[in-house]
Every structure is written in C-alpha cells, then in structure tokens.
Amino acid sequence: MTYPKIELHVHLEGSVRPRRLLEIAKRNGVALPADTEEELAKLYRFRDFAHFIEIWIMTSQVIRAERDFREIVVDYAGEAAAHGAVYVEGIFSPAERVKYGVTWDEAFSGACDGVQEAKERFDVTVRLTPDIPRDLEITDPHEGAERTVTYASKYRERGVVGVGLGGLEKFPPEPFAATFRRAKDEGLGSVPHAGEVEGPASIRGALDALGADRIRHGIRAIEDPELLAELAEREIVLDVCPTSNVRTGAVASIEEHPLPNLLEAGVRCTLNTDDPAMFGTDLGREHEVAAGLGVSPRLLFEAGVAGALCGDAERARLSTIAQTFDWSKV
C-alpha cells in the first residue's frame, strides 16, 4: 500500500527524467553529450563521487530559464506525490544556473511558482532549500554564497526555508561560517551536506561552523561514537540517501549501508532520493530498500516531521498524519 512519506533531500536538477531533460535542452538550444534517453542512462554510470559531480554539472546546465525551474519543481512534486509524499524539501543551485544566463530572480521566482502549482495540482507541500556550491567557479565564491542568502531571504514568503552547502566535500565548511550566520539571523535554516564522502570532521564543521539544523547525508558519523551520541542527544536529523550512497561509491553495497546502525544509535534519519533521475531510483524504491534493511516507515516519517524546516501549522498537519495513520497496515 502507499503510505505517507516525507522527503527532505532531493536535488531538483537531478530529479529531471531523461525525456524532460532532452526537451529542456532542445528548447534552450543547449547541446548535451547524449541525444537519447538510452545514451543518458549510459552517461549516468558513475565511477565515483567526483565523476557524478562532473556529469551533474554537464547535464544540469541545460536549466536556464524561469519556466525550467517551475517545471522541474512541479514534475518532481507530481512524482513524489504518486509515491505518497505529503511534504518535500527540494534543493536547487541558483548560483550555478546564473553562470549560464538566468537571473537570480528568474531562478527563485520560477521555483517558487512551481511550489504554488505543486500544491494546487497534487496537494503536496514543497519547500525550497537552495544550495551554495562550495567550489563555485566564479570570481569570488563567497559573493555567490552571499547572493544565495540574499535571494533566499527575499523569497522566504514564497516557500524558501533554508540554505545548504553542496559540492565536493574536500572543500571544508568553515570558510562559509559568516554566510550561514547571516542566513540564520534572517530566519533561514542551515542544511549543509557533510559526512558523505569526507569523514566525521566534515560533520563536526557543519555543526560548529555552520550551526547545522540538519545534516544532508552524515552517514560517516558512524565512525565516531562520540559524534553519534551527540547527534542523538541534540536530535540532529540526518538526510540519508541509500541508493545514492551506493551509486557514488560512498557505501560499498545496500547490505552494508549504515542506516540501521545509525538508527540503533538513536540518531534520527529521513529517507531520500538525492538525485533520483541520475541514480535510477524514486521515493518508492528507497522505501523498499529501507524495508529490506528492517527500517520502520513510521520512524522515518516522524524523523521527517522533526527535521522539516516548515512553519508551525505545517508541522502540526504532519504530526497529525503521523499520529492518525494506521501504520500497522504497512
């Protein structure tokens, strides 16, 4: 049966299915390194995390117009809703898109239009958490970071609830401390990527320097018992993405995934697709994976309620779903 789900970690650029990606590329007059859905599927066979980032940049650069941002939000909201999603936090990287000609306002406005349309069409609540690329290739990476926060704050009333830090984790989080302090001062949540490829020090930096409200990935916390205990005590939610972790080589296999051990240590974890089109997955398949690992769907949903960067009214709605749904039938 389809049961209610919360997803807090999906990159909207990485959610675009091949047919739509080819359509957007053609519309914008952008050449892709693949001309068919089959060729794109071959392109998505990643050697490692660095190769994934290379292909992600190569394909996501076709997204260049306000219409594109609206469409990718609505498309994914419809897909997630079909798998039972009632609340989704979508990630996009406006600073990277600006390099290809879209304006900051067009990127944010288009995504926010998608938030509204998703609610009207699918009755799923979508909120946005734009990422700051830590390895941003512009004159001053911190200028891009500051602008991300400026526009995130400007569009708070239209569904933007937080700011993340993405890209290669070999670039540490600490240099972005001032930017994230400003984001939090302006009422935005802090949701950096950390502890996926790099070790526990990456997570520690996200917590201490960026004041992380939630950690995107964080699976390598399993290597540090003291950090695990702190995450559990502080109720810091981890956004866990099993298929993604295997496809990028962060984890050797699904059977070896640390999700059950993280939960056993008392750490709250949500279940997410990360870049579903690129990893050949969807929200339903991720829950099948979790079930195979013996993970309770109710536990995942309750972690989603705790970790969501939503307002009080939305959290109350989600809490009611958690309390009234008959989980015994799952």
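Residues numbered from 1 in each chain as written. Predicted model: local features only at pLDDT ≥ 70, side-chain atom pairs only at ≥ 80, totals over all residues. Heavy atoms only, no water.

A.B. asks: Would you take a moment to explain the pairing of strand β9 (residues 237-240) for this structure?
C.D. replies: Every other side chain in a regular strand lies on the same face of the sheet, so the side chains alternate between the two faces. With burial as the criterion, each face of β9 is covered, one bearing Val237 and Asp239 and the other bearing Leu238 and Val240. Where strand β8 (residues 214-217) meets β9, 3 bridges bridge the pair, whose relative direction is parallel. Note that in β9 the partner of Arg214 across the bridge is Val237. Once you follow β8 into helix α10 (residues 225-234) and on to β9, the crossover reads as right-handed. The pairing of β9 with strand β10 (residues 269-271) spans 3 bridges and is parallel. For Asp239, the partnering residue across the bridge sits in β10 and is Thr270. (Buried < 20%, exposed > 50% of the residue type's maximum accessible area, 1.4 Å probe, protein only. Helix = DSSP H or I, 4+ residues; strand = E, 2+ residues; numbered from the N terminus. Pairing = 2+ DSSP bridges. Right-handed = clockwise from strand over helix to strand, strands pointing away.)

A.B. asks: Teacher, can you tell me more about empty space enclosed by the protein here?
C.D. replies: To find leftover empty space, a probe the size of one water molecule is rolled over the atoms. Overall, the coordinates contain 1 cavity of 30 Å³ or more when judged by the stated rule. Volume-wise, the largest cavity comes out at about 30 Å³. Lining the largest cavity are Pro4, Lys5, Ile6, Leu271, His287, Pro297, Leu300 and Phe301. Elements that contribute at least two residues to the lining of the largest cavity include exactly β1 (5-11) and α15 (297-307). Per element, the largest residue contribution to the lining of the largest cavity is 3 residues, and it comes from α15. Classifying every residue of the lining of the largest cavity by side-chain character gives 6 nonpolar, 1 polar and 1 charged. (1 Å grid on protein atoms, 1.4 Å probe; cavity = no way out; pocket = protein on both sides within 12 Å on 5 of 7 lines; lining within 4 Å. Points joined across faces, edges and corners; volume = space filled by probe spheres on them. Nonpolar A, V, L, I, M, F, W, Y, C, P; charged D, E, K, R; others polar.)

A.B. asks: Just to check I follow, could you spell out the layout of surface pockets for this structure?
C.D. replies: Size it by volume and the largest pocket reaches roughly 380 Å³. Counting residues per element, the lining of the largest pocket draws most heavily on helix α3 (residues 49-60), which supplies 5 residues. In this structure, the second largest pocket encloses a volume near 160 Å³. Around the second largest pocket, the lining is made up of 14 residues, and of these Tyr3, Lys5, Gly284, His287 and Glu288 lie nearest the centre. Residue assignment for the lining of the second largest pocket shows that the elements contributing at least two residues are α14 (283-292) and α15. Its residues assigned to classes, the lining of the second largest pocket shows 8 nonpolar, 4 polar and 2 charged.

A.B. asks: Help me out: how do you make sense of the sheet that holds strand β5 (residues 162-166) in this one?
C.D. replies: Hydrogen bonds between backbone groups are what pair the strands of a sheet, and the pairing can be parallel or antiparallel. An order of β4-β5-β6 is seen for the 3 strands of this open sheet, with the pairing classed as parallel. Edge strands, defined here as strands with exactly one partner in the open sheet, are β4 (131-133) and β6 (189-190). Where β5 lies against β6, 2 bridges are found, and the strand directions are parallel. Looking across to β6, one finds that Gly162 is bridged to Gly189. Packed on one face of the sheet, helix α8 (residues 177-185) meets β4, β5 and β6 and runs near 160° to β5. (Contact = heavy atoms within 4.5 Å. Axes fitted to C-alpha atoms, helices over the stretch in contact; angles between N-to-C directions.)

A.B. asks: Looking at this structure, how should I read the packing of α15 against helix α16 (residues 312-324)?
C.D. replies: In a pair of packed helices, the angle between the axes and the distance between the axes together describe the arrangement. It is the contact of α15 with α16, at a shortest axis distance of 9 Å, that shows an interaxial angle of 165°. By the criterion of interaxial angle, the relationship of α15 to α16 is roughly antiparallel. Like other packed secondary-structure pairs, α15 and α16 cross with a definite hand, here left-handed. Across the interface between the two elements, Arg298, Phe301, Glu302, Val305 and Ala306 from α15 touch Arg315, Leu318, Ser319, Ile321, Ala322 and Gln323 from α16. Of the residues that constitute the contact of α15 with α16, the class distribution is 6 nonpolar, 2 polar and 3 charged. (Parallel < 35°, antiparallel > 145°, perpendicular 65-115°, else oblique. Left-handed = near helix turned anticlockwise from the far one by under 90°.)

A.B. asks: For this particular structure, what's the right way to read helix α9 (residues 200-210)?
C.D. replies: For the α-helix, the turn length of 3.6 residues means that residues three or four positions removed from each other point alike. With 8 of its 11 residues buried, α9 lies for the most part within the structure. Every buried residue of α9 is listed here: Pro200, Ser202, Ile203, Gly205, Ala206, Leu207, Ala209 and Leu210. Those residues of α9 that are buried are in contact with β5, α8, β6, β7 (193-194), β8 and α10. A positive backbone phi angle near 60° is found at Gly211, which sits one or two residues after α9.

A.B. asks: Would you mind going over α8 with me for this structure?
C.D. replies: Regarding α8, the residues found buried are Ala177, Thr179, Phe180 and Ala183. For α8, the angular spread of buried residues about the axis comes to 160°, placing them on one side. Exposed and oriented more than 90 degrees from the buried face of α8 are Arg181 and Asp185. Positioned one or two residues after α8, Gly187 has a phi angle of 85°, which is positive. (Arc of directions from axis to C-beta.)

A.B. asks: How should I be thinking about the state of the cysteines in this particular structure?
C.D. replies: A covalent bond between the sulfur atoms of two cysteines is referred to as a disulfide. Overall, the coordinates contain 0 disulfides when judged by the stated rule. Of all cysteine sulfurs, the one in Cys310 lies closest to Cys112, which takes part in no disulfide; the gap is 16 Å. Relative accessible area serves as the criterion here: at 2%, Cys112 is assigned to the buried category. The cysteine Cys241 is free of any disulfide, with Cys269 supplying the nearest cysteine sulfur at 11 Å. Classification of Cys241 by relative accessible area gives buried; the value is 0%. (Disulfide = S-S within 2.5 Å.)

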